[in-house]
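# A look at the structure
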Amino acid sequence: MVPDEVVIELSNSLSAQQVDALQRRFRLTRIESEPFQLTNSTLYRWRIPDRRSVATVVRALEGDRLVASAQPNYIFTLQQNEARSEGDPAQYELAKLHLPQAHTLAKGDNVLVAVIDSGIDVMHPELAGSIAGVLDTAKEPAPPHKHGTAIAGLVAAHGKLMGAAPGAKLLAVHAFDPKDAGAEGTTFNILKGIDWAAARGARIINMSFAGPPDPAIHRLLEAARKKGIVLVAASGNSGATSPPLYPAADPNVIAVGATDAEDKLFEQSSRGRHIAIAAPGVQILVAVPEGGYDVSSGTSYSAAEVSGIVALLLQRKPELTPEQVRGILQATAKDLGPKGPDAMFGAGLVDAYRALTTEIAPPTAAARRPVERVSTGAR
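Predicted, not measured: the structure shown is a model, and the values here were computed from it.

A few words now on the layout of surface pockets. Looking at the largest pocket, its volume works out to about 320 Å³. Taken together, 20 residues form the lining of the largest pocket, with Lys139, Asp177, Glu184, Thr186 and Asn189 sitting closest to its centre. Elements represented by at least two residues in the lining of the largest pocket include exactly β8 (169-179), β9 (182-186) and α6 (187-199). Partitioned by chemical class, the residues of the lining of the largest pocket number 6 nonpolar, 5 polar and 9 charged.

Below, the structure written as structure tokens:
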């Protein structure tokens, strides 16, 4: 978490005077605020100017009747391993996912997919004509980043590469900034991205990042799902011993694990009963800034492929609900590992063509994941 910040949710009915009084009462310094349409509330990012801990301030704020919620400003990381130069440069995932056959039926034409990630190279030849909007939550300008560019390409590339949904339109949300070898994003910037994407009509939101359970993000994701937005996230690259990572483990989200060219589980793919399905994520040929290409691995890439396949489904049948989309993907997946759904592969390897050609059954209560309570306390 950011060591000296808290994220506070207040009702839009509060006056400016009440907000100012609350800030003074808890001895906090305002950094920024943002109204959110999905929850009809305003979130504030306030700094703790003295040596009080985040947990102490959060507990105090939770006791105030005017505060809808208070929590740390958590930090999330993109789920990518370092690029490697070796490996087969061919896009083996296309055949694994039966995408050439699926593209005879749909290419995701004009379906709006939001990619909440690091900065995307919107001028990359693979993305020509694909960008429908850009949001930059960063305070400082940053050059396009390889992770965000790779994810965007896996959804919608249509040049040297073929994305899962080459006809889709992208909302590029820059919510993660370069940090060491990867990139990091905070609760507040991720929230901005989700709300902005929902307001602009996104049908799918791809979240190829992972972090702790986050109450504010959970509430916004729940509101987005109720609005009919399909939410897809990478399971995470922390391996077999990792606890469930979020937002993948959120009950509103389709969690995606990673497989290799032999349908074996990516060793670093996080596991758990929340995993819905799997897709290739090992030695994937991806687009990177300045018109380049790399081979890289991670559950991030698996999630992007699934987001593209969801776009194919929604082009064919725009009325599908998030629950129906989940049900179709799981019912038509190729079972891997132990018979039936498991904690490694979920229902199995996604099959785009079978998903597009299956008959749709109405969602049942049994098909929905149980709602898991996310604590609003500091962690």
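Looking now at helix α7 (residues 215-226). Helix length check: α7 (12 residues) gives 17 Å between terminal C-alpha atoms against 16 Å at 1.5 Å per residue, within 8%. Burial runs high along α7: 9 of the 12 residues are buried. Taken as a whole, α7 has its buried residues at Pro215, Ala216, Ile217, His218, Leu220, Leu221, Ala223, Ala224 and Arg225. Put simply, Asp214 is the residue that caps the front of α7, since its side-chain oxygen is 3.2 Å from the backbone nitrogen of Ala216. Of the residues trailing α7, Gly228 is marked for its positive phi of about 100°.

Time to look at the nonpolar core. Ile204, Ile277, Val306, Val310, Val325 and Leu329 are the most contacted members of the largest nonpolar core, which totals 57 residues. Here this core gets 10 residues from one element, more than from any other, and that element is helix α8 (residues 299-316). Excluding residues within four positions of it along the chain, Leu329 makes contact with Ile254, Ile277, Val306, Ile309, Val310, Leu313, Val350 and Ala355. One finds Ala175, Ala202, Val253 and Ile275 within the second-largest nonpolar core, a separate group that totals 40 residues.

Another point: helix α2 (residues 54-62). Of the positions making up α2, those classed as buried are Val54, Val57, Val58 and Leu61. Each buried residue of α2 lies within a common arc of 100° when the element is viewed along its axis, so the set occupies one face. On its buried side, α2 packs onto β1 (5-11) and β4 (67-72).

Conventions used here
- What you see as residue numbers is a count from 1 along each chain, following the sequence as written.
- The predicted origin of the model limits local features to residues at a pLDDT of at least 70 and limits the giving and counting of side-chain atom pairs to 80 or more, whereas totals for whole chains, interfaces and linings rest on all residues.
- Excluding hydrogens and water, the side-chain values take into account all heavy atoms of the structure.
- Every definition here rests on a 1 Å grid over the protein atoms only: cavities are sets of points where a 1.4 Å probe fits but cannot get out, pockets are open sets enclosed by protein on both sides within 12 Å along at least five of seven lines, and lining residues have some atom within 4 Å of a point.
- Grid points are joined across faces, edges and corners, and a volume is the space filled by probe spheres set on the points.
- The way it works is that DSSP assigns letters per residue, a run of H or I at least four long becomes a helix, a run of E at least two long becomes a strand, and they are numbered from the N terminus.
- In the scheme used here, Gly and all other residues not listed as nonpolar or charged are polar, with Ala, Val, Leu, Ile, Met, Phe, Trp, Tyr, Cys and Pro taken as nonpolar and Asp, Glu, Lys and Arg as charged.
- Each helix should span, by expectation, one fewer than its residue count multiplied by 1.5 Å.
- Only protein chains enter the accessibility calculation, which uses a 1.4 Å probe; a residue whose area is less than 20% of its type maximum is buried, one above 50% is exposed, and one in between is partly exposed.
- Here a polar contact means two N or O atoms within 3.5 Å. Within protein one must be a hydrogen donor candidate and the other an acceptor candidate, and residues neighboring in sequence count only if both atoms are side-chain atoms.
- Only buried Ala, Val, Leu, Ile, Met, Phe, Trp, Tyr and Cys residues count toward a nonpolar core, and they belong to the same one when joined by side-chain atoms within 4.5 Å.
- By the convention used here, residues are in contact when the closest approach between their heavy atoms is within 4.5 Å.
- As used here, the arc is the angular range of directions from the helix axis to the C-beta atoms.

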